[in-house]
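What follows is each chain in one-letter form.
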Amino acid sequence: SWKKSMSTQRSCQEITNVFYLQGWVRSVRSQKEVLFLHINDGSSLESLQVVADPSLEKRDLTFGSAVEVQGKLVKSPHRMQNMELQAETICVVGPCDIWSFPLKMKERHPLEYVRQFPHLRCRNNTLGALLRIRSEATAGIHSFFQDNGYVHIHTPIITSNDCEGAGELFQIETSSEAKESAEKTHFFNVPAFLTVSGQLHLEVMAGAFTHVFTFGPTFRAENSQSRRHLAEFYMVEAELSFTESLQDIMQVMEDLFKTVTSTVLSKCPRDVELFHKYIAPAQKGRLEQILKHKFMIISYGEAVEILKQAPQTFTFKPEWGCDLQTEHEKYLVKHCGEVPVFVINYPYDLKPFYMRDNEDGPQHTVAAVDLLVPGVGELCGGSLREERLPFLESRLQRLGLTDAYQWYLDLRKFGSVPHGGFGMGFERYLQYILGVDNIKDVIPFPRFSHSCLL
Ligand code: 4AD
Ligand code: MG
């Protein structure tokens, strides 16, 4: 906006005091003696006020049009803003047909309404604020890891394995493969899929760089209409070698959450305020409190006992061995005082093959951890990995996966170390800190079952 114009046009400013503003009209108010415009260029929530002689008004200078204004930046006489631009010329670069434009001047459109226009909703204040916060949080995540000595790895998007073993894969076929129905030959010679997680590739790299991370798109063919699942979502994943305790993994999860959230709160206070004012008033001030306290830790066994003693009845009856459902997660978080809670040591049979066996008695568990947060449920999932060859070999054998995972077994033969890591769903993170109910409203272009607009 004008701040940016000032720095990019600094020489211009020093010599002639002329500023150029390029952006989209957020409001037009024409009075007898003066024309007021508010122009926004996406760099902040605030629009810059432009004052002009009514003779500069044009028929196509409307809400939504793209303009270039040239003029003098002066101190504003109004209390609400520091500066305003006194226009000398106004050029309408791209007019806007306000009758068919789905956004209306000075209206606070509900998120469900603007969701229908994925190609236009970024010009809405709420989505604008969200996307700036998303950008700062992305930078904050990269800084957190780089500052702590992690190496960033581009894990592949196309892969031949199903890390989670949940069968929620999108299989890739070329357009010519799709046409030839009989005798298909694969482009890669083997079936290939869009990745569900970069974890296994990160484990490879943790075996050379000690601490690694990745942050990219992941894909799951979950046929779910829930408000916390997407078919394409972004995941932050970290993997740490020479780590024998789940506590170390939880510490990184907590530090990541707190550092990135502090960054977002300090870098985008106005954008965050918009959410805490209009979208989730209950969230106001709560995050600051959460940042001050240590996250709680309970075991899966304790969680089941808490659920069994709950005064309410659940659709899915809680008992040892059951997967924690959304209703269970919600109750646990409430029981703990609406704060983030780590749940550790899940039943062996519930979790994927790579998790480390705790070798503990009849209630057999693995060193797994999920971080649950209010309003969202599971935000992160992680574990210690099975680094012992015999344990991993027998588990893969029972699953009939030994051939497919020879390379993964190799890692346990050539300098294996105790290691572990986790993944955090980036959209769920944004949902939680901003109090956004539906995950489709925290990603620029949501993809979910029965919907791939644009
Ligand atoms: O718990 P998940 O499935 O864990 C893994 O994929 C591990 N391999 C990660 C690791 O250890 N490196 O997924 C991690 C997180 C979940 O806790 C959730 O926040 C998010 O990813 N997630 C989704 N977010 C949006 N839409 C979906 N369909 C999601 N599925 C998982
Ligand atoms: Mg999980």
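Residues numbered from 1 in each chain as written. Chains lettered and ligands numbered in written order. Predicted model: local features only at pLDDT ≥ 70, side-chain atom pairs only at ≥ 80, totals over all residues.

**Overview of the overall build of the chain**
When its secondary structure is counted, the chain shows 14 helices and 16 strands. Projected onto the principal axes, the alpha-carbon positions of the chain cover approximately 85 × 60 × 45 Å. Counting every position in the chain, which comprises 454 residues, the buried fraction comes to 36%. (Helix = DSSP H or I, 4+ residues; strand = E, 2+ residues; numbered from the N terminus. Buried ≥ 20, exposed ≤ 12 C-beta atoms within 10 Å, placed from the backbone.)

**Details of the sheet that holds strand 5 (residues 83–94)**
Here we have 5 strands rolled up into a closed barrel, ordered 1-2-3-5-4, and mixed in their pairing. Direction aside, neighbouring strands of the sheet carry axes that sit 55° apart on average. Of the pairings in the sheet, the one linking strand 1 (residues 19–30) to strand 2 (residues 35–40) comprises 6 bridges and is antiparallel in character. Bridge pairing in strand 2 places V25 opposite I39. (Pairing = 2+ DSSP bridges. Axes fitted to C-alpha atoms, helices over the stretch in contact; angles between N-to-C directions.)

**Let's talk about the packing of helix 4 (residues 125–147) against helix 8 (residues 269–279)**
Running from amino to carboxyl end, helix 4 crosses helix 8 at an angle of 130°, the nearest separation of the two axes being 9 Å. If you check the angle between helix 4 and helix 8, you find them oblique. Considering the relative orientation of helix 4 and helix 8, their crossing is left-handed. On helix 8, the residues that touch N125, T126, A129, R132 and I133 of helix 4 are D271, V272, L274 and F275. (Parallel < 35°, antiparallel > 145°, perpendicular 65-115°, else oblique. Left-handed = near helix turned anticlockwise from the far one by under 90°. Contact = placed C-beta atoms within 7 Å.)

**A few points about the site of ligand 1**
Lining the immediate surroundings of ligand 1 are 22 residues, of which S197, Q199, G381, G423 and G425 lie closest. Secondary-structure elements contributing two or more residues to the shell around ligand 1 are strand 11 (232–241), strand 15 (377–384), strand 16 (419–425) and helix 14 (426–434). Here the shell around ligand 1 takes 5 residues from strand 15, the largest share from any one element. Partitioning the shell around ligand 1 into residue classes produces 7 nonpolar, 8 polar and 7 charged. (Near = placed C-beta within 6 Å. Nonpolar A, V, L, I, M, F, W, Y, C, P; charged D, E, K, R; others polar.)

**What about the sheet that holds strand 14 (residues 365–373)?**
As summarised here, the arrangement of the 8 strands in space is 6-10-11-16-15-14-13-12, forming an open sheet in which the pairing is mixed. Sheet topology places strand 6 (151–152) and strand 12 (296–299) at the edges, where each strand pairs with a single neighbour. By the bridge criterion, 6 bridges tie strand 13 (residues 341–347) to strand 14 in an arrangement that is antiparallel. When the bridges of strand 14 are listed, Y346 appears paired with V366. Across the face of the sheet, helix 4 comes into contact with strand 6, strand 10 (211–219) and strand 11 while running at roughly 155° to strand 10.

**What to know about unusual backbone geometry**
The phi angle at N189 is positive, at roughly 70°, despite the residue not being glycine. Within the secondary structure, N189 is located in the loop between helix 5 (175–179) and strand 9 (192–194). One non-glycine residue, T210, adopts positive backbone phi at about 70°. Owing to 17 C-beta atoms within 10 Å, T210 belongs among the partly exposed residues under this scheme.

**Digging into the confidence of the model for the chain**
With 95% of its residues at a pLDDT of 70 or more, the chain shows a mean pLDDT of 92. Every residue in residues 5–15 scores below 50 in pLDDT, and together they form 9 contacts with partners more than four places removed in sequence or on other chains. Both scores are given for the predicted complex: the pTM is 0.94, the ipTM 0.99. (pLDDT = per-residue confidence, 0-100.)

**A word on helix 4**
Compared with the 33 Å implied by 1.5 Å per residue over 23 residues, the 32 Å span of helix 4 between its first and last C-alpha is a close match. For helix 4, every residue scored as buried is listed here: T126, L127, A129, L130, R132, I133, R134, A137, I141, F144 and F145. (Expected span 1.5 Å × (residues − 1).)

**Some points on the nonpolar core**
Within the largest apolar cluster, 75 residues are counted, with the highest numbers of intra-cluster contacts made by M253, L379, M424 and L430. With 9 residues, helix 7 (residues 246–267) is the single largest residue contributor to this core. When near neighbours in sequence (up to four residues on either side) are disregarded, M424 contacts M235, V236, M253, L256, L379, C380 and Y429. (Core = buried A, V, L, I, M, F, W, Y, C linked by C-beta atoms within 7 Å.)

**A short note on the packing of helix 4 against helix 7**
In a packed pair of helices, the relevant descriptors are the angle between the two axes and the axis-to-axis distance. Following both chains from N to C, one finds helix 4 and helix 7 inclined at 135°, their axes separated by 9 Å at the closest point. Relative to helix 7, the element helix 4 lies oblique. In the packing of helix 4 onto helix 7, the handedness of the crossing is right-handed. Where helix 4 abuts helix 7, its residues I133, E136, A137, G140, I141 and F144 lie against L256, T259, V260, T263, V264 and K267. The residue inventory of the contact of helix 4 with helix 7, partitioned by class, reads 7 nonpolar, 3 polar and 2 charged.

**Thoughts on the domain arrangement of the chain**
Each domain of the chain was delimited in the assignment, giving domain 1 (2–105) and domain 2 (121–131 + 225–441). Computed over C-alpha atoms, the centres of domain 1 and domain 2 are 45 Å apart. Residue composition of the side of domain 1 that touches domain 2, grouped by class: 3 nonpolar, 2 polar and no charged. (Domains from an automatic or database assignment.)

**Considering helix 11 (residues 326–335)**
All of the buried residues along helix 11 are H328, E329, Y331, L332 and V333. Positive phi shows up at G337, right after helix 11, with a value of about 95°.

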